[in-house]
There are 2 protein chains.
Amino acid sequence: MDLLYIAPLAGLLALAFAAYLMSSVLSESPGNQKMQEISQAIFEGAMAFLNRQYKTLIPFTVVIFLILFYVDGYKLAVSFLVGAICSAIAGYAGMTSTTKSNARTTEAARHSLNKALNVSFRAGAVMGMSVAGLGLLGVSGLYIIFRDPVVINSFAFGASAIAFFARVGGGIYTKAADVGADLVGKVEAGIPEDDPRNPAVIADNVGDNVGDTAGMGADLFESYAATTIAAMLIGNTLYGINGVLFPLLIGAAGIVAAILSTFLVRTSEDGDPQAALNRGIWGTNILVAVASYGLGTMIFGDKGFGITVAIVCGLAVNVLVGAITEYYTSNNKAPTQHIADASQTGPATNVIAGVANGLRSTAIPMVVFAIAIWISFNQAGIYGIAMAAMGMLCTAGMVVAVDSFGPVADNAGGIAEMAELGPEIRKTTDKLDSVGNTTAAIAKGFAIGSAALTALALFTAFGEEIAKNPKLSGLLVNGHLVVNLTEPGVIIGIFLGATLPFLVCAFTMEAVGKAAFEMIGEVRRQFREIPGIMEGTGRPDYASCVDISTKAAIREMMLPGLFAVGTPIIVGFVLGAKALAGFLAGATAAGVLLALFMSNAGGSWDNAKKYIETGKYGGKGTPTHAAAVIGDTVGDPFKDTSGPAMNPLIKVAGTISLIIAPLLFF
Amino acid sequence: MDLLYIAPLAGLLALAFAAYLMSSVLSESPGNQKMQEISQAIFEGAMAFLNRQYKTLIPFTVVIFLILFYVDGYKLAVSFLVGAICSAIAGYAGMTSTTKSNARTTEAARHSLNKALNVSFRAGAVMGMSVAGLGLLGVSGLYIIFRDPVVINSFAFGASAIAFFARVGGGIYTKAADVGADLVGKVEAGIPEDDPRNPAVIADNVGDNVGDTAGMGADLFESYAATTIAAMLIGNTLYGINGVLFPLLIGAAGIVAAILSTFLVRTSEDGDPQAALNRGIWGTNILVAVASYGLGTMIFGDKGFGITVAIVCGLAVNVLVGAITEYYTSNNKAPTQHIADASQTGPATNVIAGVANGLRSTAIPMVVFAIAIWISFNQAGIYGIAMAAMGMLCTAGMVVAVDSFGPVADNAGGIAEMAELGPEIRKTTDKLDSVGNTTAAIAKGFAIGSAALTALALFTAFGEEIAKNPKLSGLLVNGHLVVNLTEPGVIIGIFLGATLPFLVCAFTMEAVGKAAFEMIGEVRRQFREIPGIMEGTGRPDYASCVDISTKAAIREMMLPGLFAVGTPIIVGFVLGAKALAGFLAGATAAGVLLALFMSNAGGSWDNAKKYIETGKYGGKGTPTHAAAVIGDTVGDPFKDTSGPAMNPLIKVAGTISLIIAPLLFF
């Protein structure tokens, strides 16, 4: 089966392209010495966090490795390890690229908008290509070696475990630094954002990378790996080797489409960088749709059309959920403007309006998911559901590139401010930064949508694996698995599963509170104790703030991690396979709803504040603005910590359940 | 079957006891002329709201009546109408009793604490006995006439429809008045709570009755009716007439137990009214447990023990969920004190801490539900699940009495303030009022817990009815209904069902925002335009504020009502019976979680503010207190509008599904 080798080759192609982009970015001028110093500090902070995080996860990884080795032999254990390591490598590659290119983007902004866009987008594309390339290479490579999709599911578990900690740890890090920097620096000391006198400023800039690049990258790496493997598992059961091969080819097509589409991302001096990035996304989508039809009919003949429809459903979910997210969070649209309006009667009405908007924003995306599932299933059976997820995820190379561009542009603006480069440079970086905010919102929608479809694909694969477990043959009716919803055990599973996301939301929200509290104490201490810090003659101790964020993030990610990994195992072995199926369904539904609620509420609070800052309702300095700032602060952990934690939560529950499916005994 | 007549006799007994209590309360002195005037204004406002609400619901009721008549003949239609009318009668009886006894409680407080407790508790017990009495009389009477539990399910649907509107309308009313009175009166004009110069003060006092008495009463009337009927339906399928008779006898036992236990509610002058009320609840629980064992073994022989265990599970859920609610919301406990602590760094951290606390508070109750379901099912099969619900609900007479006492005590304090009766009277009413806050929290826990168990009983009954539908025989495997969770249609149902509570939360929260906005405008207008209002020489126009709250509540309850009633029907007929089963499961899980989250977050914000007002962190007038006030205002619609709306939402979805179960065709 020579076609099988196309997938690892495409993976290698993506990695080669990532290496080329990286070297081309590094060959750009890094700016003056001050800029280089700041950039270096951010780079070191980011690496310190990654090193500490991965080091903390080593014992955890080793324990799981040994358990898997003991339970099932070396194949599962090795796959797990490779998954975890690939996720870590993608994290390092992406973070190096984004933190090495922020000052270079600032420098490029001195020349032209297009050049600045070009540098920052290429930096983001390193992450995108690393995610897709390592994902496809890892999955296809392990399949070529072991020839068993069940074994390599453990690769997804490895990716999952890392992703959960990266998302949660990154989310706590970024918000602790952000809240600490803002509350003491901006509010108490009255110095502007990104001011070098603020001791937490480097931690804040590191946080942008840790949250949006490493966290998002690990999240989508996990979705990519889990979806591909779930599709292979289901495909293997239904279509044999063809069913396994096809998702790998779609992955390869996605990589080629993303590489070709990067050349569409360019703009003129007075052009719109958003339009350039949109061209990249649309180019990828269209190329994938065309390739799906070709590959589908080649491999499945007449059935190819239905499978293509399922893939296009996934692409449509991508576009639609992005557009809905933008509608509910953009400050050009009614929902966010209504929150700004409600800020006139104070913070309470602002908060109520934001919560209501977030809750309301969940409905249309859920209906979109339902329609996509319905069409995909009707067109191509349960394989269709996996294919919808695959259609969405195979564009991850481009989506991660567009998303990772955001923190680069954000950092570039910060460096322009800290290095005092003057307003015209800042204007260019601000233009990029504001585009970055929109792409971040769209990427959030993508991450949630892909997590939902991935979780469903995992759920479906879980059902298939349960059906093969000889100890569970009692659950089969005419050879098909039946999990009867009207049995109390299943309902209990749904109840407990739906509770898990609420609990993890609570843990992560409290974690931000604790971490921010420590950060506030440290920044206040430095302002009090370091002489000349406000006059710019004393140097703040940036490293200690970076250290506090890092330690707090690592410490606080443990409890939610324990619940995420532990509860499915407990439910599966104590309440049985049926209850675990209910648990997964409940966790997925509630997790997706809370992710949408939290992300969109947070995004709309943020943009309501920005809307007022454009001068509406009196602009900055008014009680209305103060109310909106409070809403924005409430929204910080909503949108950047608890909301994003839902994605890996529902996927990690799914991958663990898949792993333990053969071991369940009732 | 002579035993059957015990149930309507017990219902009549409850109503006779209610009439006795009412006349005994009315024979108490109504106080001086000023007190009578205020009380009369509250009474008129409450009746105006009830009249307008029920009048608005007439067209809706007629349409449903005609549809049921057309589809299924007079039996279903008549049952529906009787259910709706019984709910309305209970509402009128309870509201008359509580609003006629507030000034009498104030007057009694001049004599002794015990007398004040006695008057206010008897007033609440009128509502409690009306709810239980009309519920049992209606259900058993219709059964004696029609001899078919399927037909009388429509009684529950009638109660459900009214309950949803009463809860949502009442919730919007009470918070619009409260927020309006507080924001303009307390914050802007600087006058104390319950000050007669505040134009919204009567609306605010009416709101206490409309929300806590009429809303809660209708909610529990619905739970009572729906649970009894679901138990009869399941019992009929499994045990024939004995299975139908038993829940009716348990209901009768609950009424007798509650009547006997009212005599335990008395206190001394320096006694603790809370302990007196607790004695009433515990007395009822113990008597019901003993009676269950007797009746269970009499009717089911050996199986009686298992059924008794299931009933005791329901009683235990009652006690445990109440205790957990108190833990997460009382200002003596760590969670609420932590919110007070977080208020020191401003409103944002206060809000985050409250949200986190609310989210976290969902976990233990959900585990309690899961354990209760598990034990009840293992002890007595699916009948056991209905019996757990029945055990919880048969104590409703006492629980509603204890809950309805709250608004009477609250109003009594308001009247003491408005009639300028001096601090020693206020001290007595404050003591009762503070007990009322605790019992309200416990009653909220009871309402949520009973809604959860009722929804599960309805879900189980729905499964039984689906299994009997000949058009759906394809869903049967060996004669048993199978709703396979691993089918995409079922998953879609769960997704859409879980979304409904999020959407209804959003609607109701926005409704409070709009209604409060109108109220704020009106109160401001009166302060501006009525001469001498602040000096006490000009009389505020109370009626216009009552009118605004009423109109807004009626108008804003329509959209959520439409979604609550319409979505199960659409899902059932468009996506089929299996998807509807998924829908109910998803709606129940998400609805219960959101109810717990919203109620407990709101309760803890409220009490965190009160904790600070006892002098902690500097007490009133500090920025810490101001932050806590903002959290409390955010919590108002959480705990009194959106959270409570979840209970009837999940039940109305269940009763409608039961009604349409015989009509579904795939």
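What you see is a predicted model, and the numbers here were worked out from it, not measured in a lab.

Colleague: Explain the pattern of salt bridges to me, please; I cannot follow it from the model alone.
Modeller: Where charged atoms of side chains with opposite charge meet at close range, the side chains can pair. Residues and elements named next belong to chain A. Enumeration over the complete set of coordinates arrives at 60 salt bridges over all chains. Linking Asp178 and Lys175 is a salt bridge whose minimum nitrogen-to-oxygen distance equals 2.9 Å. With Asp178 and Lys175 both in helix H5 (residues 149-189) and three residues apart, the pair spans about one turn of that helix. Take Asp178 and Lys175: they sit in the same class, and that class is buried. Arg525 is the salt-bridge partner of Glu522, the closest N and O atoms lying 2.9 Å from each other.

Colleague: When you look at the environment of Val546(A) in this model, what are you seeing that I'm missing?
Modeller: Residues and elements named next belong to chain A. Here Val546 shows up in helix H16 (residues 542-556). Val546 gets classed as buried once you look at its relative accessible area, which sits at 9%. When the C-alpha positions of Val546 and Gly586 are compared, they lie 38 Å apart, and in sequence the two are 40 residues distant.

Colleague: Got a minute to help me understand the side chain of Asp640(B) in this structure?
Modeller: All names here are of chain B. Note on placement: Asp640 falls in helix H19 (residues 623-660). Within the local environment of Asp640, its side chain forms a polar contact with the side chain of Lys639, the two groups lying 3.3 Å apart. In this view, Asp640 contacts Gly171, Thr174, Lys175 and Lys444; residues no more than four positions away in its chain are not counted.

Colleague: I'm lost on the nonpolar core in this one. Help?
Modeller: Here is a general trend for soluble globular proteins: nonpolar side chains tend to be buried in one another's company. Phe246(A), Leu485(A), Phe246(B) and Leu485(B) are the most contacted members of the largest nonpolar core, which has 490 residues in total. Excluding residues within four positions of it along the chain, Phe246(A) makes contact with Ser292(A), Leu295(A), Gly296(A), Ile299(A), Phe300(A), Ile307(A), Ile311(A), Tyr383(A) and Met387(A). The next biggest cluster of nonpolar side chains, apart from the first, holds nine residues, and it includes Leu68(A), Leu76(A), Ala77(A) and Phe80(A).

Colleague: Would you mind going over the relation of the copies chain A and chain B with me for this structure?
Modeller: A rotation about some axis, followed by a shift along it, carries one copy of the chain onto the other. Note on the copies: chain A fits chain B at an RMSD of 0.1 Å, the axial shift is 0.0 Å, and the rotation between them is 180 degrees. In the structure described here, the two chain copies are related by an operation that fits a two-fold rotation axis. It is Asn484(A) whose C-alpha, among those of chain A, lies nearest the rotation axis, at 2.5 Å. Interface residue correspondence from chain A to chain B reaches 100%, placing this contact among same-surface, isologous pairings.

Rules of the game
Residue indices follow the written sequence of each chain, beginning from 1 at its first position. The lettering of chains begins at A and the numbering of ligands begins at 1, in the order of writing. Under the rules for a predicted model, residues below a pLDDT of 70 receive no local features and side-chain atom pairs below 80 are neither given nor counted, while totals for whole chains, interfaces and linings still include all residues. Side-chain numbers here rest on the full set of heavy atoms in the structure, without hydrogens or water. We count a salt bridge whenever a side-chain nitrogen from Lys or Arg sits within 4 Å of a carboxyl oxygen from Asp or Glu. Secondary structure counts use DSSP, requiring at least four H or I residues in a row for a helix and at least two E residues in a row for a strand, with both numbered from the N terminus. Only protein chains enter the accessibility calculation, which uses a 1.4 Å probe. A residue is then buried if its area is under 20% of the maximum for its type, exposed if over 50%, and partly exposed in between. In the analysis that follows, any N or O atom pair within 3.5 Å is treated as a polar contact, provided that within protein one partner can donate a hydrogen and the other can accept it, and provided that, for residues neighboring in sequence, both atoms belong to side chains. Every residue pair with non-hydrogen atoms within 4.5 Å of one another is taken to be in contact. As used here, the term nonpolar core means buried Ala, Val, Leu, Ile, Met, Phe, Trp, Tyr and Cys residues forming a set that is joined through side-chain atoms within 4.5 Å. Least-squares fitting of one copy onto the other uses the C-alpha atoms of those residues that reach a pLDDT of at least 70 in both copies.

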